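# Descriptive analysis of the structure
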Amino acid sequence: MLFIQGLLIAFFLFASSIKMFGWVKAIFEPQLEFFHSYGLNRAAMFAVGIIEGTGAIILLIGMLTSELVLSGIGASFIMFTSLGAIFFHFRFDTWKDAIPSMVTLLLSFYVVFPLLESVL
């Protein structure tokens, strides 16, 4: 579980920082083109980056403090953005473009699932 949490944290801190600050142009520009092709603007991309970054930070705090609820909340933010990405990729692109989002959805669900079990 810690490995998966660490993987999600690293990936989404990196991805969100690019969406917010555009510091890796080779990744930022194609992502911005995706957003534009979906009818979304730079502000929407920045907002997605905020949600991803917030989720990754909450997940990190949950992992460091061994708080299952915080980990679940952080992973839920990531699930939310992954579902959005899957929707837009299926609507405007090919299913192959949605594969990374499907993987992050499954990994984040794996982190959220123990929390769901304890609630249900």
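First things first, this report covers the structure right here in the doc. All figures in this text were calculated on a predicted structure; none of them were measured in a lab.

## Re the packing of helix 3 (residues 42–65) against helix 4 (residues 68–92)
It is at 7 Å that the axes of helix 3 and helix 4 come closest, and there the two elements cross at 155°. One finds that helix 3 runs roughly antiparallel with respect to helix 4. Pair helix 3 / helix 4 crosses with left-handed handedness. Of helix 4, the residues touching helix 3 (which contributes Val48, Ile51, Glu52, Thr54, Gly55, Ala56, Ile58, Leu59, Ile61, Gly62, Met63 and Thr65) are Leu70, Ser71, Ile73, Gly74, Ala75, Phe77, Ile78, Phe80 and Thr81. Looking at side-chain class alone, the contact of helix 3 with helix 4 contains 13 nonpolar, seven polar and one charged residues.

## Section: the pattern of salt bridges
All chains considered together, the criterion is met by one salt bridge. In this structure, Glu52 and Lys19 form a salt bridge, with 3.2 Å as the shortest nitrogen-oxygen distance. Here Glu52 is found in helix 3, whereas its partner Lys19 is found in helix 1 (residues 2–21), with 33 residues between them in sequence. Comparing Glu52 with Lys19, the two get one shared label, buried.

## Let's talk about helix 2 (residues 25–37)
Compared with the 18 Å implied by 1.5 Å per residue over 13 residues, the 18 Å span of helix 2 between its first and last C-alpha is a close match. The set of residues buried in helix 2 consists of Phe28, Leu32 and Phe35. Take helix 2 and look down its axis: the buried residues cluster within an arc of 55°, on one side only. In helix 2, the exposed positions angled more than 90 degrees off the buried face are occupied by Ala26 and Glu33. On its buried face, helix 2 sits against helix 1 and helix 3.

## As for helix 1
With 20 residues, helix 1 ought to run about 28 Å at 1.5 Å a step, and its terminal C-alpha atoms sit 28 Å apart, in line with that. Residues Ile4, Gln5, Leu8, Ile9, Phe12, Ala15, Ser16, Ser17, Ile18, Lys19 and Met20 constitute the buried set of helix 1. Lining the buried residues of helix 1 we find helix 2, helix 3, helix 4 and helix 5 (99–119).

## Some points on the packing of helix 2 against helix 3
Contact geometry for helix 2 and helix 3: axes closest at 9 Å, N-to-C directions at 115°. Here helix 2 lies roughly perpendicular to helix 3, going by the angle between them. For the pair helix 2 and helix 3, the crossing hand works out as right-handed. In contact with Phe28, Gln31, Leu32, Phe35 and His36 of helix 2, helix 3 contributes Arg42, Ala44, Met45 and Val48. Of the residues assigned to the contact of helix 2 with helix 3, the class counts are six nonpolar, two polar and one charged.

Cut-offs used in this document
- Residues numbered from 1 in each chain as written.
- Predicted model: local features only at pLDDT ≥ 70, side-chain atom pairs only at ≥ 80, totals over all residues.
- Heavy atoms only, no water.
- Axes fitted to C-alpha atoms, helices over the stretch in contact; angles between N-to-C directions.
- Helix = DSSP H or I, 4+ residues; strand = E, 2+ residues; numbered from the N terminus.
- Parallel < 35°, antiparallel > 145°, perpendicular 65-115°, else oblique.
- Left-handed = near helix turned anticlockwise from the far one by under 90°.
- Contact = heavy atoms within 4.5 Å.
- Nonpolar A, V, L, I, M, F, W, Y, C, P; charged D, E, K, R; others polar.
- Salt bridge = Lys/Arg side-chain N within 4 Å of Asp/Glu carboxyl O.
- Buried < 20%, exposed > 50% of the residue type's maximum accessible area, 1.4 Å probe, protein only.
- Expected span 1.5 Å × (residues − 1).
- Arc of directions from axis to C-beta.

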